[in-house]
Amino acid sequence: MSRAVLSLGSNLGDRLGFLKLALDAVRPALVAVSSVYETKAWGVEDQPDFLNAVCVVEDPARDHWAWLRTGQAAERAAGRVRELRWGPRTLDVDVVTVDGVTSGDPELLLPHPGTPDRASVLVPWMEIDPDAVLPGHGPIAELLAARPEDEVATVRRTDLALH
């Protein structure tokens, strides 16, 4: 069984609709999905706020590369255009971790390199899998506790639903 954690984000257009599109791309492999959170942009800050969520998926037929391709297909279906690194996007699907696999391939770095420093990933992940461990970095509860309080406070749970 291949178990993956995917981080979903959108800050252009129908943000909630694009997150739902990403979830539709991974059904019926969906095991759990977090609430929807609104967060400030990371990296390039002069852009609209993001809606973010994290999901856990399992599928015996998919490895880490297949999860990457699934995410990329969802991004294309959402009309994502890659013009600026960390820029605005209709949909961003990051493969956070897959079965503890590590990869230094530039196309698929695993675990996702920004994860330990991003409350926008750690908060929703903690909601659905509080005992999770990020390979090479430790328990996500400890990673989240190490983030500055003011940063964590910017990850705001919404009333929006993905189900």
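Quick note: structure is the one above.
Residue numbering note: each chain is counted from 1, following its sequence as written. pLDDT decides what is reported in this predicted model: residues at 70 or higher carry local features, side-chain atom pairs at 80 or more are listed and counted, and totals for whole chains, interfaces and linings draw on all residues regardless. Side-chain figures throughout are based on the complete set of non-hydrogen atoms in the structure, without hydrogens or water.

Attention shifts here to the overall build of the protein chain. Assigned secondary structure in the protein chain consists of 5 helices and 10 strands. In terms of C-alpha radius of gyration, the protein chain reaches 14 Å, essentially the compact-globule figure of 15 Å for 163 residues. Viewed in the frame of its principal axes, the protein chain has a C-alpha envelope of about 40 × 35 × 30 Å. Burial classes: relative accessible area under 20% of the type maximum marks a residue as buried, over 50% as exposed, and values in between as partly exposed (1.4 Å probe, protein chains only). For the protein chain, the residues scored as buried account for 50% of the 163 residues in total. Two residues form a contact once any of their heavy atoms are found within 4.5 Å. Considering only intrachain contacts with a sequence separation of at least 6, the fraction spanning at least 24 residues in the protein chain is 68%. Accessible areas in this description were obtained via Shrake-Rupley with a 1.4 Å probe; residue shielding takes into account the shown protein chains only. Summed over its atoms, the accessible surface of the protein chain is roughly 8,000 Å², and 52% of this surface lies on carbon and sulfur atoms. In the protein chain, 16 side chains carry a positive charge and 25 a negative one; their mean positions are 4 Å apart. By the criteria applied, helices consist of DSSP H or I runs no shorter than four residues and strands consist of E runs no shorter than two, each listed in order from the N terminus. We take the radius of gyration over the C-alpha atoms and set the globule estimate at 2.2 Å times the residue count to the 0.38 power. Charge assignment: positive for Lys and Arg, negative for Asp and Glu; neither His nor the chain ends contribute. Here the site of a charge means atom NZ of a Lys, CZ of an Arg, CG of an Asp or CD of a Glu.

The next point concerns the nonpolar core. In this description, a nonpolar core means a group of buried Ala, Val, Leu, Ile, Met, Phe, Trp, Tyr and Cys residues linked to one another through side-chain atoms lying within 4.5 Å. Counting 27 residues, the largest nonpolar core has Leu-6, Leu-8, Val-57, Trp-67, Leu-91, Val-95 and Leu-162 as its most contacted members. Elements with a minimum of two residues in this core: strand E1 (2–10), helix H1 (15–26), strand E4 (50–59), helix H2 (64–77), strand E5 (92–98) and strand E7 (108–110). Core analysis: the next-biggest nonpolar cluster, separate from the first, contains 16 residues, Val-5, Ala-119, Trp-125 and Leu-143 among them.

In this model, Arg-27 is joined to Pro-28 through a cis peptide bond whose omega is 5°. By the secondary structure assignment, Pro-28 is in the loop between H1 and strand E2 (30–33). Of the consecutive residues Leu-110 and Pro-111, the connecting peptide bond is found in the cis state with omega at -5°. For Asp-99, which is not a glycine, the phi torsion comes out positive at approximately 50°. Here Asp-99 is to be found in the loop between E5 and strand E6 (103–105).

Here the focus is the pairing of E5. Burial within E5 is extensive, with 7 of its 7 residues counted as buried. Only strands joined by at least two bridges in the DSSP assignment are considered to pair. Two elements, E1 and E5, share 6 bridges in a ladder whose sense is antiparallel. Looking across to E5, one finds that Ser-7 is bridged to Asp-94.

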